[in-house]
Amino acid sequence: MTVAPDKARPAAQTAAPLAVAIALLLVYVIWGSTYLGIRVVVEDVPPLLGMGSRFLTAGLLLAGLLALRGGLRRLRVSFAEWVGCAFLGLMLPVLGNGLVALGESRGAPSGVTALLIATVPLNIMLLRAVTGSRPGAVALIGVVVGLAGVGLLALTGGGSGADIPLGATVLVLVAAAFWSFGSWYQPRLTMPTDPLVATAHEMIVGGVLLLGFGLIRGERTGLTGHPTDAWVAWIYLVLFGSMVGYTAYVWLLHNAPISLVATYAYVNPVVAVILGALILDEPVTAIMLFGGSLIVIAVAVVITVERKPQTVVSKAPAEVC
């Protein structure tokens, strides 16, 4: 998922090409694979409890690492900063990722889910348009093309012939809408200056809320009885999806051109589709390829025309896919 920036700061310094390439590959593969990981987990674990335990564990681990490196004082935030983190914890891990997990648990394929979530930059463009920011004609055309791709995937279920409930697709689209709103509103919040500290607080709050909503929803689970692949996928989401991937992303923002970093937004869904087909045997149909291509091309166009030279995101919201 990505962000269309409203604010900017001086351009990032460039680092060694090999280091940049490794970090970019991590973001490409890890974030592209999270949709597959979620699908595997929710096959056997209640979706909200599974994602809640994932984010709470990742948040506590990240907070522990930060405390080891900088002491407990590094984790201190003001009340206003905590409110900002809590808001993003609600918008991103809970209403964003939580609804994705619900959608996948109800039959949405991981590849189609990733393509629908890739519309976040298009949603942010629309939010900016209705709040006074006038996008260019090319950007608007990109949004229209992307929404056409969304409509095609939503109405046909990707053309796989499988019985994909419309409700599952709607849940994913609603998740993308909440993620878009949280990402768009984030620069208006009072946030900690250290993005890793912000991420730790967001994941802890989001994890607690997801666990609470899961219990209210009637979800119950234990530590035993789950197959090995569910545990492996859950651990992967905790360690790699929520920690390694985000750390690589933050490092890239400070050490590589934003024009290069932003490419993850349209590479991730391609990775997700390939992994879903290879590992879960999810069908890749002509309709899915066509609709997905419309979305990916539209996102690439919007990111390209909206990006201002020599600027990067001022406050990067936590990517907690």
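Residues numbered from 1 in each chain as written. Predicted model: local features only at pLDDT ≥ 70, side-chain atom pairs only at ≥ 80, totals over all residues. Heavy atoms only, no water.

Draft legend 1. Here's a closer look at the pattern of salt bridges. The full count for this structure, using the stated rule, is three salt bridges. Here R74 makes a salt bridge to D194, at a shortest N to O gap of 2.8 Å. Of this pair, R74 sits in the loop between α2 (47–70) and α3 (79–105) while D194 sits in the loop between α7 (166–185) and α8 (195–216), placing them 120 residues apart in sequence. Its relative accessible area of 28% is what places R74 among the partly exposed residues. (Salt bridge = Lys/Arg side-chain N within 4 Å of Asp/Glu carboxyl O. Helix = DSSP H or I, 4+ residues; strand = E, 2+ residues; numbered from the N terminus. Buried < 20%, exposed > 50% of the residue type's maximum accessible area, 1.4 Å probe, protein only.)

Draft legend 2. Spatial organisation of the environment of W234. Summarising the element assignment, W234 is placed in helix α9 (residues 228–255). In this structure the C-alpha to C-alpha distance between W234 and G37, which are 197 residues apart in sequence, comes to 7.0 Å. Among the polar contacts listed, one links the side chain of W234 to the side chain of S53, at a separation of 3.1 Å. (Polar contact = N/O pair within 3.5 Å; in protein donor to acceptor, adjacent residues only side chain to side chain.)

Draft legend 3. Region of interest: the nonpolar core. Judged by nonpolar contacts, the single largest core of 87 residues is most densely connected at M51, I117, Y249 and L252. Sort the elements by how many residues they give to this core and helix α1 (residues 17–42) lands first, with 13 residues. Residues in contact with M51, not counting those within four places in the same chain, are I38, V41, N97, A101, L210 and L237. (Core = buried A, V, L, I, M, F, W, Y, C linked by side-chain atoms within 4.5 Å. Contact = heavy atoms within 4.5 Å.)

Draft legend 4. Local environment of the packing of aromatic side chains. Applying the stated criterion across every chain yields a total of eleven aromatic pairs. Aromatic pair Y246 and Y249: ring centres 6.4 Å apart, planes at 45 degrees, arrangement tilted. With Y246 and Y249 both in helix α9, this residue pair falls three residues apart, about one helical turn. With a relative accessible area of 1%, Y246 lands in the buried category. Judged by centre distance (5.5 Å) and plane angle (70 degrees), the rings of Y249 and Y264 are edge-to-face. Taken together, the positions of Y249 in helix α9 and Y264 in helix α11 (residues 264–279) put the pair 15 residues apart, joining distant regions of the chain. (Phe/Tyr/Trp six-rings, centres within 6.5 Å; stacked < 30°, edge-to-face > 60°.)

Draft legend 5. Region of the structure containing a nonpolar patch on the surface. Together, L18, I22, L26, L61, L223, W231, I235, L239, F240 and V244 line one region of the surface with nonpolar side chains, adding up to about 890 Å² of accessible area. Mapped by element, the contributors of at least two residues to the nonpolar patch are α1 and α9. With five residues, α9 is the single largest residue contributor to the nonpolar patch. Within the element layout of this structure, L61 appears in helix α2. Residue class for L61 comes out partly exposed when judged on its relative accessible area of 39%. (Patch = residues over 30% accessible without salt bridge, like charges linked within 9 Å, V, L, I, M, F, W, Y side chains within 5 Å. Areas by Shrake-Rupley, 256 points an atom, 1.4 Å probe, with all protein chains shown as cover.)

Draft legend 6. Looking closely at the packing of α3 against α7. Put simply, α3 and α7 touch, their axes get as near as 8 Å, and they point 165 degrees apart. Regarding the angle of α3 to α7, the classification is roughly antiparallel. The two elements α3 and α7 meet at a crossing, and its hand is left-handed. Here F87, L88, M91, L92, L95, G96, N97, L99, V100, L102 and G103 of α3 come into contact with α7, specifically with A168, L171, V172, V174, A175, F178, W179, F181, G182, S183 and Y185. (Axes fitted to C-alpha atoms, helices over the stretch in contact; angles between N-to-C directions. Parallel < 35°, antiparallel > 145°, perpendicular 65-115°, else oblique. Left-handed = near helix turned anticlockwise from the far one by under 90°.)

Draft legend 7. Region of interest: the packing of α1 against helix α4 (residues 110–117). Across the interface, α1 lies against α4 with an axial gap of 9 Å and an inter-helix angle of 130 degrees. Relative to α4, the element α1 is oriented oblique. For the pair α1 and α4, the crossing hand works out as right-handed. Of the residues in α4, those touching α1 at Y35, L36 and R39 are S110, T113, A114 and I117. Of the residues that constitute the contact of α1 with α4, the class distribution is four nonpolar, two polar and one charged. (Nonpolar A, V, L, I, M, F, W, Y, C, P; charged D, E, K, R; others polar.)

Draft legend 8. Structural context of α7. The terminal C-alpha atoms of α7, which comprises 20 residues, lie 29 Å apart, in line with the 28 Å expected from a rise of 1.5 Å per residue. Within the span of α7, buried status applies to A168, T169, L171, V172, A175, A176, W179, S180, G182, S183 and W184. Each element contacted by the buried residues of α7 is listed here: α3, α4, α5 (120–130) and α6 (137–156). (Expected span 1.5 Å × (residues − 1).)

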